[in-house]
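Listed below are the residues making up each chain.
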Amino acid sequence: MTDIYDPAFVKDVFDRCGRNYRWWSMVASFGFVAIWRRQCVSALPPMPCERPHGVDMMAGTGEVWGPLIRRHPRIASITAIDISTEMHRQAVARLHRSRSDRIRHLEIDALANNLPTGTADFLISTFGMKTFNAAQHAKFAVEVARVLKPGGVFAIIEASDPEGWPLRSLYLFHLEKVLPWIEYLFLRGAQDFAMIGQYTRNFGDCSGLAEELRGQGLEVTFRRHFFGCATSVAGRKPG
Ligand SMILES: C[S@@+](CC[C@H](N)C(=O)[O-])C[C@H]1O[C@@H](n2cnc3c(N)ncnc32)[C@H](O)[C@@H]1O
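Residues numbered from 1 in each chain as written. Predicted model: local features only at pLDDT ≥ 70, side-chain atom pairs only at ≥ 80, totals over all residues. Heavy atoms only, no water.

J.: Outline the overall build of the protein, listing residues and values.
T.: Scanning the protein from N- to C-terminus turns up 10 helices and seven strands. Taken against the 2.2 N^0.38 rule, which gives 18 Å for 239 residues, the C-alpha radius of gyration of the protein at 17 Å falls within 12% of a compact globule. When its C-alpha atoms are laid out on the principal axes, the protein stretches across 50 × 40 × 35 Å. Across the 239 residues of the protein, 55% fall into the buried class. Here the contacts in the protein between residues at least 6 apart in sequence split such that 76% fall between residues at least 24 apart. Summed over all atoms, the accessible surface of the protein reaches about 11200 Å², with 56% contributed by carbon and sulfur. Each charge class in the protein can be summarised by its mean position, and for the 29 positive and 24 negative side chains these summaries are 7 Å apart. (Helix = DSSP H or I, 4+ residues; strand = E, 2+ residues; numbered from the N terminus. Rg over C-alpha atoms; globule rule 2.2 N^0.38 Å. Buried < 20%, exposed > 50% of the residue type's maximum accessible area, 1.4 Å probe, protein only. Contact = heavy atoms within 4.5 Å. Areas by Shrake-Rupley, 256 points an atom, 1.4 Å probe, with all protein chains shown as cover. Lys, Arg positive; Asp, Glu negative; His and termini not counted. Charge placed at Lys NZ, Arg CZ, Asp CG, Glu CD.)

Rendered as structure tokens:
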């Protein structure tokens, strides 16, 4: 049986859909992804230093760099980690000259990275959690705690299953039935984005990740966005 959490499987999915990822994610979320990225940036606690160095985990096409650098113009560098060749390629193609000298691209598995310990002033991650299972979330929490400096800050956001929301079944119908049909019709029978519904339902929300991060000694605030259609965790490594 296919393991949809195998990093090689996930890499293939994003290598196939990387070219269409930006417009698809905007259309499929009715523009909410852009709002949620900005909210994730806002959730970052104050930076611990004047010229911070940080990491964007599961950076994809780099959609968060604009809002991040606008809010923190003195960011010195961002290490962009992503497993997908095509997503990096798209990111590089879109990089504005003014930002390119601050971005370092690493095509690696975020859970098997070789980032030095205790060196990041901040860590951000937008929409990269749902393709991890619970064991991978536990590993990811270890990595967040490891790469951050004492005093370093983080914010992570992911589309979530809005349990308890009266319109939840409509939302899941949109994710699991409507979007796969649109993809099938407009992207010549492709069924990659169609998996988002399954990943989102399996993921639930960021509360499990919040517990893992607290277990690593981090200070964590959990938030719900738009009735729980996205959830985030943000906080700091004490020190
Ligand atoms: C839904 S996209 C999000 C991209 C971007 N952060 C955004 O806000 O649009 C998820 C990204 O996570 C990457 N990814 C998934 N598993 C990964 C892993 N184990 N290591 C590194 N990147 C991974 C995928 O290649 C993809 O680019």
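Here the narrative resumes.
J.: Can you explain the site of the ligand? Please cite residues and give values.
T.: Close to the ligand lie 18 residues, the nearest being Tyr21, Met58, Asp82, Ala110 and Thr126. Measuring from an oxygen atom of the ligand, one finds a side-chain N or O atom of Arg37 at 2.9 Å. Between an oxygen atom of the ligand and a side-chain N or O atom of Thr126, the distance comes to 2.6 Å. In isolation the ligand has 590 Å² of accessible area, and contact with the protein removes 98% of it. When the residues that make up the shell around the ligand are grouped by side-chain class, the tally is 11 nonpolar, four polar and three charged. (Near = heavy atom within 4 Å. Polar contact = N/O pair within 3.5 Å; in protein donor to acceptor, adjacent residues only side chain to side chain. Nonpolar A, V, L, I, M, F, W, Y, C, P; charged D, E, K, R; others polar.)

J.: Explain the side chain of Ser77 to me, using residue names and the numbers behind them.
T.: Looking at where Ser77 falls in the secondary structure, it is placed in strand β2 (residues 77-82). In this structure the side chain of Ser77 is engaged in a polar contact, spanning 2.7 Å, whose partner is the side chain of His53.

J.: Describe the packing of aromatic side chains, listing the residues and the values that go with them.
T.: Scanning the entire structure with this criterion turns up 11 aromatic pairs. For the ring pair Tyr5 and Tyr199, a centre distance of 5.7 Å and an interplane angle of 75° mean the geometry is edge-to-face. With Tyr5 in the segment before α1 (7-17) and Tyr199 in helix α9 (residues 196-203), the pair connects residues that are 194 residues apart, well separated along the chain. Like Tyr5, the residue Tyr199 is buried in the burial classification. Site record: aromatic cluster; members linked through ring pairs are Phe32, Trp36, Phe127, Trp165, Tyr171, Phe226 and Phe227. (Phe/Tyr/Trp six-rings, centres within 6.5 Å; stacked < 30°, edge-to-face > 60°.)

J.: Would you mind going over helix α2 (residues 21-28) in detail, with residue names and values included?
T.: Among all positions in α2, only Tyr21, Trp24, Ser25 and Ala28 are buried. End-on, the buried residues of α2 take up no more than an arc of 95°, which puts them together on one face. (Arc of directions from axis to C-beta.)

J.: Account for the packing of α2 against helix α3 (residues 32-43), with residues named and values stated.
T.: Their axes nearest at 6 Å, the elements α2 and α3 cross at an angle of 95°. When the axes of α2 and α3 are compared, the pair comes out roughly perpendicular. Contact residues: Tyr21, Ser25 and Met26 in α2; Val33, Ala34 and Arg37 in α3. Across the contact of α2 with α3, the residue classes break down as four nonpolar, one polar and one charged. (Axes fitted to C-alpha atoms, helices over the stretch in contact; angles between N-to-C directions. Parallel < 35°, antiparallel > 145°, perpendicular 65-115°, else oblique.)

J.: Describe in detail a nonpolar patch on the surface, supporting the description with residues and values.
T.: A cluster of nonpolar side chains, Phe173, Val178, Trp181, Ile182, Tyr184, Leu185 and Phe186, forms an exposed patch at the surface whose accessible area comes to about 770 Å². As for its placement among the helices and strands, Trp181 is situated in helix α8 (residues 168-186). Trp181 gets classed as exposed once you look at its relative accessible area, which sits at 56%. (Patch = residues over 30% accessible without salt bridge, like charges linked within 9 Å, V, L, I, M, F, W, Y side chains within 5 Å. Salt bridge = Lys/Arg side-chain N within 4 Å of Asp/Glu carboxyl O.)

J.: Now, about the pattern of salt bridges: what can you tell me, with residues and values included?
T.: Here the idea is simple: oppositely charged side chains can pair when their charged atoms come close. Counted according to the given criterion, the structure contains 12 salt bridges. One salt bridge connects Lys130 with Glu158, and the closest N-O pair in it is separated by 3.0 Å. Linking Lys130 in the loop between β4 (120-126) and α7 (134-147) with Glu158 in strand β5 (residues 148-159), this pair joins segments that are 28 residues apart in sequence. Residue Lys130 shares its accessibility class with Glu158, and that shared class is buried. Residues Asp161 and Arg168 are paired through a salt bridge, measuring 2.7 Å at the closest nitrogen-oxygen approach. Among the residues examined, Asp161 registers a relative accessible area of 5% and is labelled buried. A relative accessible area of 24% places Arg168 in the partly exposed class. Among the charged side chains, a network of salt bridges with common partners joins Lys11, Asp15 and Glu107.

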